[in-house]
Every structure is written in C-alpha cells, then in structure tokens.
Amino acid sequence: MTETGQAAGLSAGPATAPDSGPLRYRRILLKLSGEALLGERQYGVDPAFCAFIAHQVADVRAMGVQVGIVVGGGNIFRGMAAAARGMDRATGDYIGMLATVMNGLALQDAIERVGIPVRVMSAIAMNEVAEPYIRRRAVRHLEKGRVTIFVAGTGNPYFTTDTAAALRAVEINAEVLLKATRVDGVYDADPMKVPTATRYARLGYLDVLRDQLKVLDAAAVSLCQENALPIVVFDLNQPENITRVARGEPVGTLITGETGGVAG
C-alpha cells in the first residue's frame, strides 16, 4: 500500500487508542523531515499523508505519551542546496526555517482534525501564526496533553533541523528522540542501492560518528551522546511504529551509549 493510500485509509474516522500495555517512554520528541510530508507528491505538502501522521500521533497520545514534534522544510526549500547554487548560506537557511513553519501549520491542522489540541512554537518570532518558543511554556503544554510542534529550527543559520530536534528533546526532557525515515532503521549502506546492506538493531553514538552513518548530523548525535538521550530510527510508513516504540518494543535501530553495532 502506498503512503497516500495508508493515509486515506486511516483518515476515515476518529483516532482510537491501541492496546497500550506498559509504557517505556512517556515523553517523546518526533523528528519529521520535510520530505516525509510530500507523500507521493513532487513538491509541497500532501494533506492525506499529514492525516496519516496525525492518526499515529493521536494513537500514541491516547496511551498517555506526551508528544513534541520537530519538522524540517526540505519539501519546500533547502538552504544548503541554495547555497551550493550561489545563495548566501545564512539567507538560504532562514528561508528554510520559514518553510518549516509552513509544514508545522499543516501538521497542526491535520492533528487538530483528529481532535487533539496542538501548539506551534517558533524559534523566530511571528506571533500572528505561532507562539514564541519558551522552554518552560513548551513543557507546560506537554504536561497539559497538547502536542507541541517546534518550527524554525534553532532560529540560527548553519544548524540543521536534526540538531534542532536534539536540542528541543534535551530542553523538554524528552526520554527518546524518534527519527522518522522511509526505511526500517540504519544500514551499513544505502538499502535502496545495495540490496545486501545490513540493518543494525543497535548502534552506539560513537559507531554513528566514526562510520559517518548519515542518519543524523554529527552535531545532533553528539548532543544526544552528551545528554544520554537514546535515538530510535524507524520506518514512518508503518502505522503502529510510534506506539510500539513508546512501549519499548524493538523497532528500527536503537542508538545509545553502547558501542559495537548489532545486526538486526
């Protein structure tokens, strides 16, 4: 089933809580790339796929999990790509931050449509469309059961939204950083190009940095390492993966302080 097809199937009706069982993580930070919001489109935002994500968020929230989200903007604009074509890097990054705001508002709408309260908090002041990011206010929103979407990256150029996700996760005392991808974990080679690539069930932060595994940028991994924040890299296209991670089930690739990759 295609991503858009999954989304369409999930969007017909209110979200229902899955059989939760014991929770391992009660506050999570979900990192979504801008490209994830494309669905099957070539550009922009696919409302059907946003609805698909919204139902997953609603399910995990119904289990009692507090959810923060950081979203990228690569489906609309990439600052690094623009810089490679001659644009000033800082200018390109600021434009990319604005793209994340648009994505955050699209997600807000989709999540509100399934009956979940949402707040969008921006690292760049734009009071007409989003609240300013204030750490204590963000934590309070989470405590009140509101899904909190963090946009505009860190508010500074030269930092990726991966780094923004790690930073916000540490600031709000999230128990895990979930990196959503289109594949089911971290591989020793690109599985789209190398059919024999090996998937890791577990990795250490140092393994990711040493082997330059392109799952998160080095600054984000280092920040997680310094704060002992586990990272789970998982396939966003599987509808129950977020709830499975919250229950502590083995999903995707777990990155922690233990070095030595373990194949899965």
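Notes on the structure follow.

What counts, and at which threshold
Residues numbered from 1 in each chain as written. Predicted model: local features only at pLDDT ≥ 70, side-chain atom pairs only at ≥ 80, totals over all residues. Heavy atoms only, no water. Helix = DSSP H or I, 4+ residues; strand = E, 2+ residues; numbered from the N terminus. Expected span 1.5 Å × (residues − 1). Polar contact = N/O pair within 3.5 Å; in protein donor to acceptor, adjacent residues only side chain to side chain. Pairing = 2+ DSSP bridges. Phe/Tyr/Trp six-rings, centres within 6.5 Å; stacked < 30°, edge-to-face > 60°. Buried < 20%, exposed > 50% of the residue type's maximum accessible area, 1.4 Å probe, protein only. Lys NZ or Arg CZ within 6 Å of the ring centre and 35° of its normal. Axes fitted to C-alpha atoms, helices over the stretch in contact; angles between N-to-C directions. Parallel < 35°, antiparallel > 145°, perpendicular 65-115°, else oblique. Left-handed = near helix turned anticlockwise from the far one by under 90°. Contact = heavy atoms within 4.5 Å.

**Quick word on helix 4 (residues 89-112)**
Part 1: The end-to-end C-alpha separation of helix 4 is 35 Å, in line with the 34 Å expected for 24 residues at 1.5 Å each.
Part 2: Taking the backbone nitrogen of A90 as reference, a side-chain oxygen 3.3 Å away marks D88 as the first, capping residue of helix 4.

**Describing the pairing of strand 8 (residues 199-204)**
Part 1: Two elements, strand 7 (residues 186-187) and strand 8, share two bridges in a ladder whose sense is antiparallel. Across the sheet, residue Y187 finds its bridge partner in strand 8, namely R199.
Part 2: With two bridges joining them, strand 8 and strand 11 (residues 262-263) adopt antiparallel strand pairing. If you follow R202 over to strand 11, its bridge partner there is V262.
Part 3: Sheet analysis places strand 8 next to strand 10 (residues 253-256), joined by three bridges and oriented parallel. Paired with G204 across the strands is T256, a residue of strand 10.

**Notes on the packing of aromatic side chains**
We describe a pair of aromatic rings using the distance from one ring centre to the other and the angle between the two ring planes.
Part 1: Taken as a whole and judged by the stated rule, the model has two aromatic pairs.
Part 2: Geometrically, the ring pair formed by F49 and F52 is tilted, given 5.2 Å between the ring centres and 45 degrees between the ring planes. Residue F49 and its partner F52 are located together in helix 2 (residues 47-62), separated by three residues, close to a single helical turn. Exposure class is identical for F49 and F52. Each is buried.
Part 3: Directly above the ring of Y133 sits R168, whose terminal nitrogen or CZ lies 3.8 Å from the centroid.

**Looking at the packing of helix 2 against helix 4**
Part 1: One can describe the packing of helix 2 onto helix 4 by two numbers: an axis separation of 8 Å at closest approach and a directional angle of 60 degrees. In terms of their interaxial angle, helix 2 and helix 4 are classed as oblique. Crossing of helix 2 over helix 4 shows right-handed handedness. Contact residues: helix 2 offers C50, A51, I53, A54 and V57, while helix 4 offers L107, A110 and I111.

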